[in-house]
Amino acid sequence: MSRRFLHTLAAYGVALVIIWYIARGISTAQLLHDFSMANLWLFVPASLGSFTIWFAGETLLFACLFSFFNARTSFREMLPANAAQYFLQLVNSALAGSALVLFMNRRKGVPFLAAGCSMIFQALLDVQIMAAMALAAAILAPGSLIHRYWYYPAAVLTPLLVNDWFWMRGRPASRLCQWFYDRPSMQAFRLAQPLHYVSLGAIRVAIFLAYGVMLYFQIKGFRVQVEPSQVFAFLPAVLFFDGLPFTPVGLGPVQAILVTGFQGYASPARLLAMALSISFMNIVFQAPLGLGSAGAFAREVTHAAARGLLRDQSAPAQAL
């Protein structure tokens, strides 16, 4: 318990240090003034829409992911597990990713490593999509920052596409590659066909684009004059920093990327107030997920980790 508490405390400490660094030179009075400038009738509904898009969209995404590669899983079955994951992101980000893996093991009998590798498959696909979106933004928005650094997403996308080719070409000839290819836990990678990539990718792209619309209205809610095209050009960077696992719900990195990326459209104080409000609203919406059946499952995940079940189940080499 003390280790988990210290881990959570350290994560929030890192977030506060990042925010403190960004806020240098911004007076408290100016920051409070910019908080008061928010149009709550626009900002709050956009924040609720953003949360709903992420939560409902990812519940559908994970239900499809596990149904494709592990065991038939419905949207309704996935709801409490995903809610537990969202709640755990606030209190113990290291355990949050274990929620869905434990759910598939306890409810569907899927081995821990098999479920974990399915999650890794989706994570790699997500990175591919973000890199492809960044390249598209570099082409479509010549004046954007990403246009100057197009080679970064290209460098990320290329090896991931090679990885896709490796798995989709069939069983390799090399004995070492065969050993890796034949691992039972790599089932998601072996079974994945173009239709799976397209289906899962389409859901994720829809989530990203819908989130971009809500982000635009959140920014407009703080009276920052920015065009939708500029928001979408910078969206891949926001998505990447928001997904970093070092701090809870992206707190800290989100503020850094929003203040830096839109510095030409408003004062640092206005942008920081907007970015902090976005993270605050995420916390407000995610905290109640710790109640009811989702909260009970979150405690089950925490107790399983405390007893070492997650580690012990994945330790044997034969489980690979």
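1. Considering the nonpolar core
In terms of nonpolar packing, the biggest core is built from 84 residues, with Met78, Phe121 and Leu258 touching the most fellow members. Contact partners of leucine 258, with chain neighbours within four places excluded, come to Val238, Leu271, Met274, Ala275 and Ile278.

2. Points about the packing of aromatic side chains
Per the counting criterion, the structure on display carries 22 aromatic pairs. An aromatic cluster is defined as three or more aromatic residues linked by ring pairs; in this entry it consists of Phe68, Phe69, Phe121, Phe166, Trp167, Phe180, Tyr181, Phe189 and Tyr197.

3. Focus on the state of the cysteines
Under the criterion given, the structure shown has zero disulfides. The cysteine cysteine 64 is free of any disulfide, with cysteine 117 supplying the nearest cysteine sulfur at 20 Å. The exposure class of cysteine 64 is partly exposed, given its relative accessible area of 21%. With no disulfide of its own, cysteine 117 has cysteine 177 as its nearest cysteine by sulfur position, at a separation of 16 Å. You can call cysteine 117 buried: its relative accessible area is 10%.

4. Remarks on empty space enclosed by the protein
The full count for this structure, using the stated rule, is two cavities of 30 Å³ or more. Roughly 50 Å³ of internal volume is contained in the largest cavity. Lining the largest cavity we find Phe121, Leu124, Leu125, Gln128, Leu160, Asn163, Asp164, Phe189 and Tyr197. Elements with a contribution of two residues or more to the lining of the largest cavity: helix H6 (112-140) and helix H8 (151-168). With four residues, the single largest contributor to the lining of the largest cavity is H6. Within this model, the second largest cavity holds a volume of roughly 30 Å³. Considering the residues around the second largest cavity, the lining is formed by Tyr211, Asp242, Val249, Val254, Ile278, Ser279 and Asn282.

5. Concerning the confidence of the model for the chain
Residue-level pLDDT values for the chain average 87, and 92% of them are 70 or greater. Segment residues 312-320: pLDDT under 50, and 10 contacts once partners within four positions in sequence are set aside and those in other chains are kept.

6. A word on the layout of surface pockets
Size it by volume and the second largest pocket reaches roughly 270 Å³. If you trace the second largest pocket, you find 16 residues lining it, with Ser144, Leu145, Phe234, Gly261 and Tyr265 closest to the centre. Per element, the largest residue contribution to the lining of the second largest pocket is four residues, and it comes from helix H12 (residues 228-242). A breakdown of the residues in the lining of the second largest pocket according to their chemical character gives eight nonpolar, eight polar and no charged.

Analysis parameters
Residues numbered from 1 in each chain as written. Predicted model: local features only at pLDDT ≥ 70, side-chain atom pairs only at ≥ 80, totals over all residues. Heavy atoms only, no water. Core = buried A, V, L, I, M, F, W, Y, C linked by side-chain atoms within 4.5 Å. Buried < 20%, exposed > 50% of the residue type's maximum accessible area, 1.4 Å probe, protein only. Contact = heavy atoms within 4.5 Å. Phe/Tyr/Trp six-rings, centres within 6.5 Å; stacked < 30°, edge-to-face > 60°. Disulfide = S-S within 2.5 Å. 1 Å grid on protein atoms, 1.4 Å probe; cavity = no way out; pocket = protein on both sides within 12 Å on 5 of 7 lines; lining within 4 Å. Points joined across faces, edges and corners; volume = space filled by probe spheres on them. Helix = DSSP H or I, 4+ residues; strand = E, 2+ residues; numbered from the N terminus. pLDDT = per-residue confidence, 0-100. Nonpolar A, V, L, I, M, F, W, Y, C, P; charged D, E, K, R; others polar.

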